[in-house]
Amino acid sequence: MHEMSIAQSLLTIILDESARHRIKQVRQVNLQVGAMAAIVPESLNFCFELLSRDTLAEGATLSIEEIPVVARCRDCNLNYPVENQVFLCPQCGVPSLELISGRELSVVSIEGETGDDDGSN
Amino acid sequence: MAQIKVPVVQNILEANERLAALNRQRFDKAGIYAINLMSSPGAGKTSLLEKTIEALAGRLNMAVIEGDLQTAYDAERIQKKGVQAVQINTDGGCHLDGNMIQIAMDALDLTDVDLLVIENVGNLVCPAEFNLGEHDKVTILSVTEGDDKPLKYPLMFQISSVLIVNKIDLLPYVSCSMDAIRKQAHQLNATQQIFEISCRTGEGLEPWIRWLEDRVRAQKKRMG
């Protein structure tokens, strides 16, 4: 499935950012994934594990925070949580296509070790 | 070894979004209206295209980008209808992305093209996450797939501006309720246009063709 291409893009971002911040070993990658995103976390983990072998992200944990779906009503400006996939404003019944959250597929931060001596020996 | 945590905040799909935006610019510059046609395998994407080509012959200039896992069957079907078509084989990949469209466009003569149809790989999940630069996403659901599909694949149905329900000639033989489909589509995207058609009998095709022509005209007007 498309988790493979997502994992590939994710690895590219991680390796670029690691090079910029002189990270030698990535330990954890913090992600936000919207509840509406068509992503299966187990599948993403599996693909990432395969692709990251022999890179400095090998063995890194993907920590996924699921973001709830929130829509905005363009008539009354109400932000409301979307439950049971109903994208209609609970106040005025108007359909909402504008999502405030729920489609995230983002890297938030990367944790790892630099080659620098931190003075602690 | 020093431990560090660096903030990144980057959309994983950003690279694709950038390519999609470039594709959109290219469509607009050429005055082309583009749709991304999606469905599960066998719902009738290529059949709808054949019927659409027949109906628009002599009225609009069309071009087609065909996504397929392995074969060139679909592109051959389209070329037989006298429309230029380019095949993208994804070699098992489950969706088209912005980069593939960029490459495919180079293989097409876009002069005088009014309408570009991109037929995505048959799949109701993955193509939903990848914008191609299209103006509208069109999803086909055939009645033989069952009336529970919109809520089972909410992203696909939520982001599509058009839902085409195909194979309605088979409605008497399957337990599929049009009301259930309409109700689910309404709660996911109440602004969605729904066309109920049968590619086999030709029933219901006319409103879809008129809608397409309106969109092509609107695009020409917008782009001067």
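Here, every reference points to the structure presented above.
Residue numbers run consecutively from 1 along every chain, following the written order of its sequence. The naming scheme follows written order: chains are lettered A onward, ligands numbered 1 onward. Totals for whole chains, interfaces and linings use all residues, but because this is a predicted model, local features are given only for residues with pLDDT of at least 70 and pairs of side-chain atoms are given and counted only at 80 or more. With hydrogens and water excluded, all non-hydrogen atoms of the structure serve as input to the side-chain values.

Engineer: Would you take a moment to explain empty space enclosed by the protein for this structure?
Structural biologist: Over the atoms rolls a probe the size of a water molecule, and its path tells where empty space is left. All names here are of chain B. Cavity and pocket criteria rest on a 1 Å grid covering protein atoms alone: a 1.4 Å probe that fits but cannot get out defines a cavity, protein on both sides within 12 Å along at least 5 of 7 lines defines an open pocket, and an atom within 4 Å of a point defines a lining residue. Grid points are joined across faces, edges and corners, and a volume is the space filled by probe spheres set on the points. Going through the model one piece at a time under the given rule, you end up with one cavity of 30 Å³ or more. The volume enclosed by the largest cavity comes to roughly 30 Å³. Along the walls of the largest cavity sit I35, L37, L48, L49, T52, M62, V117 and W208, which together make up its complete lining. Going through the elements one at a time, β2 (33–39) and α2 (45–56) are the ones with two or more residues in the lining of the largest cavity. The helix and strand labels rest on DSSP assignments: H or I over at least four residues marks a helix, E over at least two residues marks a strand, and numbering proceeds from the N terminus. No other element matches the three residues that α2 contributes to the lining of the largest cavity. Here the residues of the lining of the largest cavity are counted per class, giving seven nonpolar, one polar and no charged. Gly is put with the polar residues, along with every residue not named as nonpolar or charged; the nonpolar set is Ala, Val, Leu, Ile, Met, Phe, Trp, Tyr, Cys and Pro, and the charged set is Asp, Glu, Lys and Arg.

Engineer: Please explain the side chain of K149 of chain B as it appears in this structure.
Structural biologist: Residues and elements named next belong to chain B. Examined against the element boundaries, K149 turns out to sit in helix α5 (residues 149–152). When accessible area is computed with a 1.4 Å probe and restricted to protein chains, residues below 20% of their type maximum are described as buried, those above 50% as exposed, and intermediate ones as partly exposed. Residue K149 is classed as buried on the basis of its relative accessible area, which comes to 15%. The contact rule is simple, with two residues in contact once any of their heavy atoms fall within 4.5 Å. K149 has contacts with L141, F157 and Q184, leaving out every residue within four places of it along the chain.

Engineer: Help me understand the nonpolar core, please; the structure alone is not making it clear to me.
Structural biologist: Residue and element names in this part refer to chain B. If you look at the biggest cluster of nonpolar residues, it comprises 29 residues, and the most contacted ones within it are L48, M62, L115, I164, W208 and L212. Within the residue set of this core, elements represented by two or more residues are β2, α2, β3 (62–68), β5 (115–119), β6 (136–142), β7 (162–166) and α8 (205–222). Once residues lying within four places of it in the same chain are set aside, the contact partners of L48 are L37, I140, I164, I197, C199, L205 and W208. Note on terminology: a nonpolar core comprises buried Ala, Val, Leu, Ile, Met, Phe, Trp, Tyr and Cys residues joined through side-chain atoms within 4.5 Å.

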